[in-house]
Amino acid sequence: MSSQAVKLHIQDHHVILDNGILQVTLSKPGGIITRIQYNGIDNLLEIQNKESDRGYWDLVWSEAGSVGTTGTFDVIKGTKFTVIVESEEQVEISFTRNWNHKNKHVPLNIDKRFIMLRNSSGFYSYAIYEHLKEWPPFNLPQTRITFKLRKDKFQYMAIADNRQRNMPLPDDRLPHRSEVLDFPEAVLLVNPIEPEFKGEVDDKYQYSSKNQNLQVHGWICMDPPVGFWQITPSNEFRSGGPLKQNLSSHVGPTCLAMFLSAHYSGEDLVLKLKPDEPWKKVFGPIFIYLNSTPEAIDSLSLWEDAKKQMVTEVQTWPYKFPASTDFPPSHERGNLSGRIQVQDRYLSDTYILAKGAYVGLAPPGDPGSWQRDCKGYQFWTRADENGYYTINDIRCNIDIGDTVYKPPRSGPTLWEIGIPDRSAAEFYVPDPNPKYINKLYVNHPDRFRQYGLWERYEDLYPEEDLVYTVGVSDYTKDWFFAHVTRKQVDGKYQGTTWKIKFQLDHVNQTKPYTLRIALATANVAELQIRVNDSKTDSPLFTTGVIGKDNTIARHGIHGLYWLYSIDIPGTLLLEGVNTVFLTQAMSSSPVQGLMYDYIRLEGPSSSTST
């Protein structure tokens, strides 16, 4: 590895970072990455694109009061270039764009930073976004860093050990080579350049990942063997918590570092600044890591090396080298340790160890508000087998101590369906229509990522809806993963009603029973609950119209979580067979619907019902 000092070359319209291992060229004063030179390849970025369309920070914004998740797309171009640090060991440069009332940009001061270190096979980038109190309010649905690599070089993508493959070319998505399916992101490859991809579906959302799993992903060039990897060493600056799903890499070849997005959540994850609301946040740093190997036969080992580098980056977080005072180093941060236990007297007379529980710190709010938070920072870990946890390097000092969590509970469990883990992955996910296959997900644990699975409900239940009998049915085989609509002969859609049948030997008619329903996602859906009478005009309970997650269309298995507790008067229940009717009433689209996480019926607190 080179021991050359880091050099900064400043030209009229470009600046070049060079440490002898790689060279990174950026426009001046825009701060757009125009060239990455490494291992004999003159430019890893797509040379057929304009310089402004190769490597860049971007955002989407809209005026306050706007609805939805779209807006003005803005590739962030600086107006001022500044050298922050210049030494043999490190160079840090800044590209700033300040807002004033005369321009039409988003009302933010933005400071993009790029860092190169000595003997480092890559470079870092972070940005500081700041909105002053007196400035106009606005919405911010998305911000990220985008890299567009050379399509003639990078054709193998890796985002996990079991999610990597040769990818189609961007040309394969052109009209004469593909057919657009129900959504513009999804195409059927009918005449691809490489015949191996013929008949496959390509959709960028098939490669989404949870934040907690999205620490390293990227592309491999086979000749010469070179890897391009985006490493995110911390999730503290990402929105929505560890389970929030984001895009990763996809056909382009494109590699993304997502910080804020409304994917799999809808407008709830749009950052909305109010009048007189100041805000500042640091996104990143993230690390762009480049690696190589002498022999083409070892190309796939570049993924293993990238994972090792990711571990190194995680272990050195928070970095010591960023110069901005808005990024606190470790000695200016706090730590938190404690133990979490669960108290549920219907399961145990003693505290239950919260083995593997998620423990997080997020800005104050209502219970569960962390999944919708996008303005602040979040810090998460998992408890060990005894419920102990430690969260290091928090951007504040806090002391909680031991915690006893009391989950919602009114009475003993009479029956339950599913696993309470905020996901529908345990339910039955069908085989896809053979016409719409992504070969990566054939015989894969993530079979839900195949295209068009919502249409399979109609194939399995062409006339009568799903019926689940407690004690007989198996939710892994008999509970369809998504409660969706059914297409009628006239092309319109109708709502569907599922039935849960269960036996009660004794009913206490003087006290209520409790039905707990946890939803893993909802998309313009309305869940209505009726008990033992499907024809009654007024349901016992309705969620109202909820959710804009779009999880079903985007091949996810969860979005935002919803929890409902419904009291069922004992007078509605029968000794013998009972039926709960679950109606998804909204029916204007094939992807309207919801996914269940977990359903449980509890008896009255003093009941002995079985």
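Let me begin by describing the structure that accompanies this report. (Residues numbered from 1 in each chain as written. Predicted model: local features only at pLDDT ≥ 70, side-chain atom pairs only at ≥ 80, totals over all residues. Heavy atoms only, no water.)

Bringing the sheet that holds strand β16 (residues 201-202) into the picture now. Pairing within the open sheet is antiparallel, and its three strands lie in the order β14-β15-β16. Looking at which strands have only one partner, the edges of the open sheet turn out to be β14 (178-180) and β16. (Pairing = 2+ DSSP bridges. Helix = DSSP H or I, 4+ residues; strand = E, 2+ residues; numbered from the N terminus.)

Here we take up the pairing of strand β36 (residues 496-504). Judged by which residues are buried, β36 turns out to be one-sided: T496, W498, I500, F502 and L504 face inward and are buried, whereas T497, K499, K501 and Q503, on the alternate face, are not. By the bridge criterion, three bridges tie strand β32 (residues 467-469) to β36 in an arrangement that is parallel. Note on β36: the bridge partner recorded for V467 is K499. When β36 meets strand β42 (residues 576-584), the two strands line up antiparallel, connected through nine bridges. Across the sheet, the residue bridging to Q503 is V577, located in β42. (Buried < 20%, exposed > 50% of the residue type's maximum accessible area, 1.4 Å probe, protein only.)

Take the nonpolar core next. With 151 residues, the main nonpolar core has W479, L582 and Y596 as its most contacted residues. Take this core: its biggest share by element is eight residues, from strand β24 (residues 279-292). Ignoring any residue separated from it by four or fewer positions in sequence, one finds L582 in contact with W479, H483, T496, T497, W498, I500, I517, L527, Q528, I529, Y596 and I599. Residues L247, L256, M258 and Y264 belong to the second largest nonpolar core, which totals five residues. (Core = buried A, V, L, I, M, F, W, Y, C linked by side-chain atoms within 4.5 Å. Contact = heavy atoms within 4.5 Å.)

It is worth spelling out helix α1 (residues 301-315) at this point. The end-to-end C-alpha distance of α1, which contains 15 residues, comes to 22 Å, matching closely the 21 Å that a straight helix rising 1.5 Å per residue would cover. Those residues of α1 that sit buried are L302, W303, A306, Q309, M310 and E313. For α1, the arc enclosing every buried residue in end-on projection is 115°, short of the 170-degree limit, so these residues lie on one face. Among the exposed residues of α1, those oriented more than 90 degrees off its buried face are K308 and Q315. (Expected span 1.5 Å × (residues − 1). Arc of directions from axis to C-beta.)

What follows is about the sheet that holds strand β39 (residues 541-542). Ordered in space as β32-β36-β42-β38-β39, the five strands form an open sheet in which the pairing is mixed. The outermost strands of the open sheet, each flanked by one partner alone, are β32 and β39. Direction of pairing for strand β38 (residues 527-531) relative to β42: antiparallel, over a ladder of five bridges. By the bridge assignment, I529 is partnered in β42 with L582.

What follows deals with the pattern of salt bridges. A full pass over the atoms with the stated rule returns 28 salt bridges. The partner of K280 in a salt bridge is E130, and the shortest N-O contact between them spans 3.8 Å. Residue K280 is found in strand β24, and its partner E130 is found in strand β10 (residues 122-131); the two are separated by 150 residues along the sequence. Judged by its relative accessible area of 36%, K280 falls in the partly exposed class. Using a relative accessible area of 25% as the deciding quantity, one classes E130 as partly exposed. Salt bridges here are not isolated pairs; linked through shared partners, they connect E88, E89 and R118. (Salt bridge = Lys/Arg side-chain N within 4 Å of Asp/Glu carboxyl O.)

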